[in-house]
Amino acid sequence: MALAERVYELTKELPGDERYGLVAQMRRAAVSVPSCIAEGNARASIPDYLRFVSMASGSLAELRTQTMLVARMSLASPRSTDSCLDQIARVDQLLKRLQSALRKTSQERAAPHSSRFPFPVSRP
């Protein structure tokens, strides 16, 4: 959510002729990140959650590219674009950790029997 807020502030600096271009795309991508996380969390399964976290990562990559373009074209102050890129990097790390934790949980649940509680082996 903080990233989306930061993107809204950054896009206020962009020229008016970008209102329906980069501004709209960046805001849509920024809002998509927490929205996908929330929707995935509300799903009934870890695989669904992982799929939505993956979509959030895709939106984040899109946002990173757009922010880099804004910086390269000097459409906003370097301070604003650097701040936004730093926040994107932090969110990226959080998403990677979330994906890792979800994958681990999914694998643990998929294992029919945990090695911590082995079933007795019948011997003839």
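The structure displayed is predicted, hence computed values, not measured ones.

What counts, and where the lines are drawn
Residues numbered from 1 in each chain as written. Predicted model: local features only at pLDDT ≥ 70, side-chain atom pairs only at ≥ 80, totals over all residues. Heavy atoms only, no water. Helix = DSSP H or I, 4+ residues; strand = E, 2+ residues; numbered from the N terminus. Buried < 20%, exposed > 50% of the residue type's maximum accessible area, 1.4 Å probe, protein only. Contact = heavy atoms within 4.5 Å. Areas by Shrake-Rupley, 256 points an atom, 1.4 Å probe, with all protein chains shown as cover. Arc of directions from axis to C-beta. Core = buried A, V, L, I, M, F, W, Y, C linked by side-chain atoms within 4.5 Å. Axes fitted to C-alpha atoms, helices over the stretch in contact; angles between N-to-C directions. Parallel < 35°, antiparallel > 145°, perpendicular 65-115°, else oblique. Left-handed = near helix turned anticlockwise from the far one by under 90°. Nonpolar A, V, L, I, M, F, W, Y, C, P; charged D, E, K, R; others polar. Salt bridge = Lys/Arg side-chain N within 4 Å of Asp/Glu carboxyl O.

Draft legend 1. Main features of the overall build of the protein. Looking only at helices and strands, the protein features four helices and zero strands. Starting at the N terminus and ending at the C terminus, the protein contains elements arranged as α-α-α-α. Taken across its 124 residues, the protein has 32% of its residues classed as buried. Of all intrachain contacts in the protein linking residues separated by at least 6 positions in sequence, the fraction that spans at least 24 positions is 67%. Element-wise, carbon and sulfur atoms account for 54% of the exposed surface of the protein, whose accessible area totals about 8,300 Å².

Draft legend 2. Focus on helix α1 (residues 2-12). Taken residue by residue, α1 has Leu3, Ala4, Val7, Leu10 and Thr11 as its buried positions. The arc that holds the buried residues of α1, viewed along the axis, is 120 degrees, so those residues lie on one side. Those residues of α1 that are exposed and aimed more than 90 degrees away from the buried face are Glu5 and Lys12.

Draft legend 3. Structural detail: the environment of Ala56. Relative to the helices and strands, Ala56 is located in helix α3 (residues 46-72). For Ala56, a relative accessible area of 0% puts it in the buried group. Beyond its immediate stretch of four places on either side in the chain, Ala56 contacts Val33, Cys36, Ile37 and Leu95.

Draft legend 4. Region of the structure containing the nonpolar core. Among the nonpolar cores identified, the biggest contains 27 residues, and Leu3, Val7, Leu14, Met26, Leu60, Leu63 and Val70 are the most heavily contacted of them. Every element with two or more residues in this core is listed here: α1, α2 (22-42), α3 and α4 (78-110). Per-element tally for this core: the top contributor is α3, with eight residues. Contact partners of Leu60, with chain neighbours within four places excluded, come to Leu3, Val33, Ile88, Val91, Asp92 and Leu95.

Draft legend 5. The packing of α1 against α4, seen in detail. Remark: α1 packs on α4, axes separated minimally by 10 Å, with the N-to-C direction vectors making an angle of 160 degrees. On the basis of their axis angle, the class for α1 and α4 is roughly antiparallel. For the crossing formed where α1 meets α4, the hand is left-handed. Facing Ala2, Leu3, Arg6, Val7 and Leu10 of α1, the residues of α4 in contact are Ser80, Thr81, Ser83, Cys84, Gln87, Ile88, Arg90 and Val91. In terms of residue class, the contact of α1 with α4 is made up of seven nonpolar, four polar and two charged.

Draft legend 6. Quick peek at the packing of α3 against α4. At a minimum axis separation of 10 Å, α3 and α4 run at an interaxial angle of 165 degrees. Between α3 and α4, the interaxial angle falls into the category roughly antiparallel. Handedness of the α3/α4 crossing: left-handed. In terms of residue class, the contact of α3 with α4 is made up of 17 nonpolar, seven polar and four charged.

Draft legend 7. Expanded view of the pattern of salt bridges. Counted according to the given criterion, the structure contains four salt bridges. Glu9 is paired through a salt bridge with Lys12; the nearest N and O atoms lie 3.1 Å apart. Taken together, the residues span about one helical turn, with Glu9 and Lys12 both in helix α1 at a distance of three residues. On the basis of relative accessibility, which here comes to 48%, the residue Glu9 falls in the partly exposed class.

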